[in-house]
Amino acid sequence: MNERGIDDILAIRAMMERASKFLSFSGLSGISAGIVALAGAWVAGGILSGASGAPEGSVAAYLFLDASLVLLASLGLVLYFSRRVAVKKGIPLWGSAARYVAFALAVPLLAGGVLCLVLMAHGLAWLIPACMLLFYGLALLNAGNFTFGEIRALGVIEVVLGLLAAALPAYGLWFWAGGFGLSHICYGILHYRKYER
Amino acid sequence: MKSAVTQLNRVFESRIRLGIMSVLAVREAADFTTLKGVLEVTDGNLASHLAVLEKNRYVRMRKEFVQRKPQTTYQLTDAGRKAFAAHIDALERLIRPGR
């Protein structure tokens, strides 16, 4: 009878978790988004060093275009791989847990995005990598409540890298590549090995 | 003093009914498809267990139209929430007697 009670409680716990958390995240999202970010950082390095042949006055516009393309490509890849997991598990992709995650991410990310534009307008572009990392890290910390808990550790790493990027602006792009590229790839591999094999 | 075993709710003896209650306890409502996906059961199986819970007035069904498509959602009643909490308490006492 005792065994039965423990089994029942374990089953209740598993069901509650499956129902309340967004579990359609795939490690492949992290890996591919990380690669896109590294490519974007490489392009940005080229633009900043003048190797791309971007006219003097339009460096900011080129960087903005580069960042936007990275963002769109990453979002697309995350959606694609999440959909694949959802189909495989037979659960709806856009369930209430997904909505919680989306909202938890959206508020800090929008605030950070707007702040980046404000920094740009005030000639403080050197703070933008730090700002992106910080707000993204906080967004992940927030979203970690509604999905795999390990996401929160990734959030903390992004926050630390953001602070370092602010303290050492000369290496801003390197920290950015570390946060959005390398960290994502490492997290993606760990996630894939733990949950998808 | 009543023993913990007699306080276990017979309605929740089925693993599937236990699962339905667990899912509905952590969200405001869930539709049939969501429940089916989370619990990994067949349509007929899920429907019959939901019917038992409805008959006991632990679960309430609501039919509504979302973008002109009928959607059936389920949520816990107050009685259902109370009964489920009492059942978990009883399970807990079973595992840790003397509390």
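The shown structure was predicted, so the numbers you read here are calculated from the model rather than taken from an experiment.

### A few points about the sheet that holds strand E1 (residues 30-31) of chain B
Residues and elements named next belong to chain B.
Item 1. Read from one edge to the other, the open sheet built from three strands follows the order E1-E3-E2, with strand pairing classed as antiparallel. The open sheet terminates on both sides in strands that have one partner only, identified here as E1 and strand E2 (59-66).
Item 2. When E2 meets strand E3 (residues 69-76), the two strands line up antiparallel, connected through eight bridges. Across the sheet, residue Glu64 finds its bridge partner in E3, namely Gln71.
Item 3. Together, E2 and E3 form the strand contacts of helix H4 (residues 43-55), whose direction differs from that of E2 by roughly 115°.

### A short note on helix H7 (residues 172-195) of chain A
Structural remark: α-helix, 3.6 residues per turn; residues separated by three or four positions point the same way.
Item 1. With 24 residues, H7 of chain A extends 33 Å between its outermost C-alpha atoms, agreeing within 8% with the 34 Å of an ideal straight helix rising 1.5 Å per residue.
Item 2. The axis of H7 of chain A is deflected most strongly, by about 35°, at Gly178 of chain A.

### Structural notes on the interface of chain A and chain B
Item 1. On the chain B side, the residues contacting the 20 residues of chain A number 23 residues.
Item 2. Counting each side, the surface lost to burial between chain A and chain B is near 1800 Å², with a carbon and sulfur contribution of 66%.
Item 3. Counting across the interface, chain A meets chain B through one salt bridge.
Item 4. Among the ionic pairs, Arg15 of chain B bridges to Asp8 of chain A, the shortest N-O distance being 2.8 Å.
Item 5. There are two residue pairs in polar contact (both at pLDDT 80 or more) connecting chain A and chain B.
Item 6. Elements with a contribution of two residues or more to the side of chain A that touches chain B: helix H1 (2-20) and helix H4 (96-121) of chain A.

### Side note on the nonpolar core
Item 1. By size, the foremost hydrophobic cluster in this structure holds 29 residues, and its most contacted members are Phe12, Ile20, Met21, Leu35, Leu39, Leu53 and Val59 of chain B.
Item 2. Those elements giving two or more residues to this core turn out to be H1 of chain A together with helix H2 (15-26), helix H3 (32-39), H4, E3 and helix H5 (78-95) of chain B.
Item 3. Examining the composition of this core, we find that six residues originate from one element, H2 of chain B, more than from any other.

Cut-offs applied
- Within every chain, residues take consecutive numbers counted from 1 along the sequence as written.
- Chain letters and ligand numbers both follow the written order, the letters beginning at A and the numbers at 1.
- Whole-chain, interface and lining totals are the exception, using all residues; otherwise, since this is a predicted model, local features are given only for residues with pLDDT of at least 70 and side-chain atom pairs are given and counted only at 80 or more.
- Side-chain descriptors were evaluated using all non-hydrogen atoms of the structure, hydrogens and water having been removed beforehand.
- At least two bridges found by DSSP between two strands are what make those strands a pair.
- Runs of H or I in DSSP of at least four residues are treated as helices and runs of E of at least two as strands, each being numbered from the N terminus.
- It only takes one pair of heavy atoms within 4.5 Å for two residues to be counted as in contact.
- In this description, a line fitted to the C-alpha atoms serves as the axis of each element, helices being fitted only across the stretch in contact, and the angle between N-to-C directions of two axes falls anywhere from 0 to 180 degrees.
- A helix is expected to span 1.5 Å for every residue after the first.
- Throughout, bend refers to the angle between the axes fitted to the seven residues that end at a position and the seven residues that start at it.
- Throughout, the accessible surface (probe 1.4 Å) given up by two parts as they are put together, summed over both, is called the buried area.
- The rule for a salt bridge is simple: a side-chain nitrogen of Lys or Arg has to be within 4 Å of a carboxyl oxygen of Asp or Glu.
- Within 3.5 Å is the distance limit for a polar contact, defined as a pair of N or O atoms, with the added protein rule that one can donate a hydrogen and the other accept it, and that residues adjacent in sequence qualify only through two side-chain atoms.
- Here, nonpolar core means buried Ala, Val, Leu, Ile, Met, Phe, Trp, Tyr and Cys residues that are tied together by side-chain atoms lying within 4.5 Å of each other.
- Accessibility here uses a 1.4 Å probe with only protein chains present; expressed as a share of the type maximum, an area under 20% marks a residue as buried, one over 50% as exposed, and anything in between as partly exposed.

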